[in-house]
Amino acid sequence: MIKNHLKIALRNLWKHRMFSMVNVFGLAVGLTVAIIILLFVSSELAYDDFHKNGETVYRVLRKADLNDSNYLIGVTSGPYGEALKNDYPETVQDFTRVMPTDGLVTYADKSFNEEKFFLVDENFFDFFTYPLASGNASAALTNPNNIVLSSEMARKYFGEKNPLGETLRLDNQLDFIVTGVLAEKPGRSHLDFDFLASIKVMDNFSWFSNWWSNSLYTYVRINTPQEAAGLDAQLSGFMDKYFAADFERNGTRVDLTLQPLSQVYFQNEVRYDRVLHGDKNAVYIFMAIAVFIMLIACINYTNLTTARAGQRAREIGVRKALGAGRSRLVIQFLSESFLMTFSAILISLAAVELLLPLFNSIFQLDLVFPLGSLSVLGLLAALLVLVSIVAGSYPAFLLSSFRPIAVLNQQKTRAGSVVIRKGLVVFQFAISVFLIIATLLIGKQLNFLNEKDLGFDDEQVVLVRMNNNAIFNQREDFLNRLRNEPGIIEASAMTGEPGGFHDAMSFDIDGMDQNYRFRTVFTDYTYADVFDLELLAGRNFSRDFGTDANEAVILNETAVRTIGLDNESAIGLTLTNTMMDTTQRRVVGVVKDYHFSSLKDEIEPLIIINHSSARTLAIKVAAENIDNQLSIIRARWEVISPSYPFEYKFLDDSFSMLYQQEQKESTLLNIFAAISIIIACLGVFALAAFTAEERTKEIGIRKVLGASTGGIISLLSSDFIKLVLIGNLVAWPLAYFGMEKWLENFAYRTEISLDVFIAAGIGALLVTLLTIIWQAVRAALANPVDALRHE
């Protein structure tokens, strides 16, 4: 029986080849998109799920506020872990610390700046499940000079040589003996590292034991979520125990909270965090897109099958008259759907294999498609069954319900389920128009971010990190020599460039009872000149004033408004940093607000302090012959620090990286919107062809009675145009509210203007017209005599 069903199904599919090809191609495109999105979604949701007992691991976060605005901080200091374990021994089973750093790694004649260098406690592998290809995980980090490498780094430094027992040097100061090589990581993690060295080397530095030297991540092990919740409620008391005097002096407090390991990757609003983060909203959005694109493809099948119901009515009537039950007819039509879906899956598998490397390259991913794995085979089987049922169930039950007497007497059947068919077309175009609007608005927002005046000049600014003591100790000489070079306009040293690190510190202001908390950057005399900041009151830092070297500060407008003064009145204020020292500093200038952080955030109060602890250089170069200026900087660098490679980046590139996630989402939406329109138009093309064929005799009669070619084209096009317009009416309000929600992520944003909706609507309308116009023109130009002879 099954063989018979399949033979009949194949015969029917071959008989209507064009419709079959449209359905198979549409389903194949939809399945290809769905599979790639599912691979992406599954990889995102799988972060940190491979750690044994990972449900017992929590990261310790600090909670702070900046003038009543609350935020989370990812880093803590060295003493937290031990203190938590000692103070709550029944709850905190153990702790481990992870300190991200970087440095120059040397072996023999090989030296590289490595950014993924972690210092960790010896029990790191008890918390995080990373198997070793060689070495003993339980003993690999026991001694202060132990280090574990990734397999990639082992090959980079040692080639085919066994690295165990070999010595690596860090920053020409610390020697580490290789005690282990990591096997391939079993899954994705928020911790992205190439080197794991013992954190015990930090015990030699006094600052490491300071409670305010926040430079690492602290993880604790707690047996149950209930115990974790109980401890979380007690952590304010813990902070009072160790920080009460500091809180009183600062006029503000910092608290703690526990973050489950499973939430670290997607909780991306944590400040001062160097771990990997993802966007859970993006995951949900792309899951929805995969579902919608598959629905569009399934709707094509449903519409084309039901549209051809009248042509198959006589077949159904005969088969029912000969004794075929409704269940057998349902199976027959589902068999056709199954064959169609199976063919589409085979095509989509080939497409995924071909397109996945390109997809990975464009979006900097490393997705793999393990076709032979049970999980993937199960997914494909589920898709086969699900899509076959979703696409084929309605046509199967509709066609099998025809009454044999009615169809054999050529009475009108319910093949005219036109309302449902039109409703499905409206749904298709509503989805497509929604995606087009989303794409246009995201693109508009990205253009807004790129074109908005940031309040500073980010063009031709070269950023160089002072990553070694040689260049740091001679930075003034280095900068002065650069300033004398042709093509070098100005240079400055700072703790963080715009878009980079800006600490938050508390200040007492003379004459005011309230303590204020400002974002803080430490820099030198030429900071405002490099970035061309606009001075609104007072003056810039100047060597003509001897006290400026240690006492001068500049505020931004928001800081002045926060303390309740105008710009001129703020000049001369004296203030004290309650967290660092007792030095009284004086406000010498006020600069216009500029965006020193992402445009997702409101401009916060900022204090610019003239101080010599900066580690980042910003060098303003002339626009002409930039390569020559870079060569000059490199040459000066190599004179002072020949063992450290010269590395740089441009500020405008660095700032644009703040929106890398949105740029990827925009590109993906462009692709998916185009695909949704293509699939929807494939269905419209086939429906237009069927409509033209079904109305052949009517068109012939109309032409004999004098209908013009334009009139015939209008007749065949008008129904589809109406459906697209209704689809727009459905999509517009949904797109408005959806994009309004997305734009809430940005403090500075573009407007949702009507022209975007009109453009999307016109675009969908034009694509639809181009799709159906050929069929309409072909039908309108046909010889009416041939049309009247039809059937």
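Above this text sits the structure in question.
## Regarding the nonpolar core
Consideration 1: Residues Phe531, Leu533, Tyr594, Ile608 and Phe672 are the most contacted members of the largest nonpolar core, which totals 111 residues.
Consideration 2: Apart from the residues within four sequence positions on either side, Ile608 is in contact with Val521, Thr523, Tyr527, Leu533, Phe541, Ala552, Val553, Ile554, Val591 and Tyr594.

## Some thoughts on the side chain of Ser654
Consideration 1: Tracing the backbone shows Ser654 in helix α22 (residues 651–656).
Consideration 2: Those residues in contact with Ser654 that lie beyond four places of it in its chain are Leu463, Glu497 and Lys649.

## Some details on the pairing of strand β3 (residues 94–107)
Consideration 1: Within β3, 12 of the 14 residues are buried, which leaves it mostly tucked inside the rest of the structure.
Consideration 2: Both β3 and strand β10 (residues 217–221) contribute to a ladder of 5 bridges, which runs antiparallel. Bridge pairing in β10 places Phe95 opposite Val220.
Consideration 3: Of the strand pairs in this sheet, β3 and strand β4 (residues 110–120) are connected by 9 bridges, and their pairing is antiparallel. Within β4, the residue paired with Met99 across the bridge is Leu119.
Consideration 4: The hairpin formed by β3 and β4 contains 2 residues between the paired strands, and Ala108 there has a positive phi angle of roughly 55°.
Consideration 5: Direction of pairing for β3 relative to strand β7 (residues 167–170): antiparallel, over a ladder of 2 bridges. Considered in β7, the bridge of Thr106 is made with Arg169.

## Regarding the packing of helix α16 (residues 475–483) against helix α21 (residues 626–640)
Consideration 1: Interhelical geometry of α16 versus α21 gives an angle of 150° and a closest axis separation of 11 Å. Here α21 runs roughly antiparallel to α16, going by the angle between their axes. With respect to the hand of their crossing, α16 and α21 are arranged in right-handed fashion. Along its contact with α16, which presents Phe478, Arg481 and Leu482, the element α21 presents Ile633, Arg636, Trp637 and Ile640.

## Remarks on the packing of helix α3 (residues 79–87) against helix α7 (residues 235–250)
Consideration 1: At a minimum axis distance of 12 Å, the contact between α3 and α7 shows a crossing angle of 115°. Two packed elements cross with a definite hand, and for α3 against α7 that hand is right-handed. Taking contact as the criterion, the partners of Tyr80, Ala83, Leu84 and Asp87 in α3 are, on α7, Leu235, Phe238, Met239, Lys241, Tyr242 and Phe243.
Consideration 2: Residues of the contact of α3 with α7, tallied by class, amount to 8 nonpolar, no polar and 2 charged.

What counts, and at which threshold
Residues numbered from 1 in each chain as written. Predicted model: local features only at pLDDT ≥ 70, side-chain atom pairs only at ≥ 80, totals over all residues. Heavy atoms only, no water. Core = buried A, V, L, I, M, F, W, Y, C linked by side-chain atoms within 4.5 Å. Buried < 20%, exposed > 50% of the residue type's maximum accessible area, 1.4 Å probe, protein only. Contact = heavy atoms within 4.5 Å. Helix = DSSP H or I, 4+ residues; strand = E, 2+ residues; numbered from the N terminus. Pairing = 2+ DSSP bridges. Axes fitted to C-alpha atoms, helices over the stretch in contact; angles between N-to-C directions. Parallel < 35°, antiparallel > 145°, perpendicular 65-115°, else oblique. Left-handed = near helix turned anticlockwise from the far one by under 90°. Nonpolar A, V, L, I, M, F, W, Y, C, P; charged D, E, K, R; others polar.

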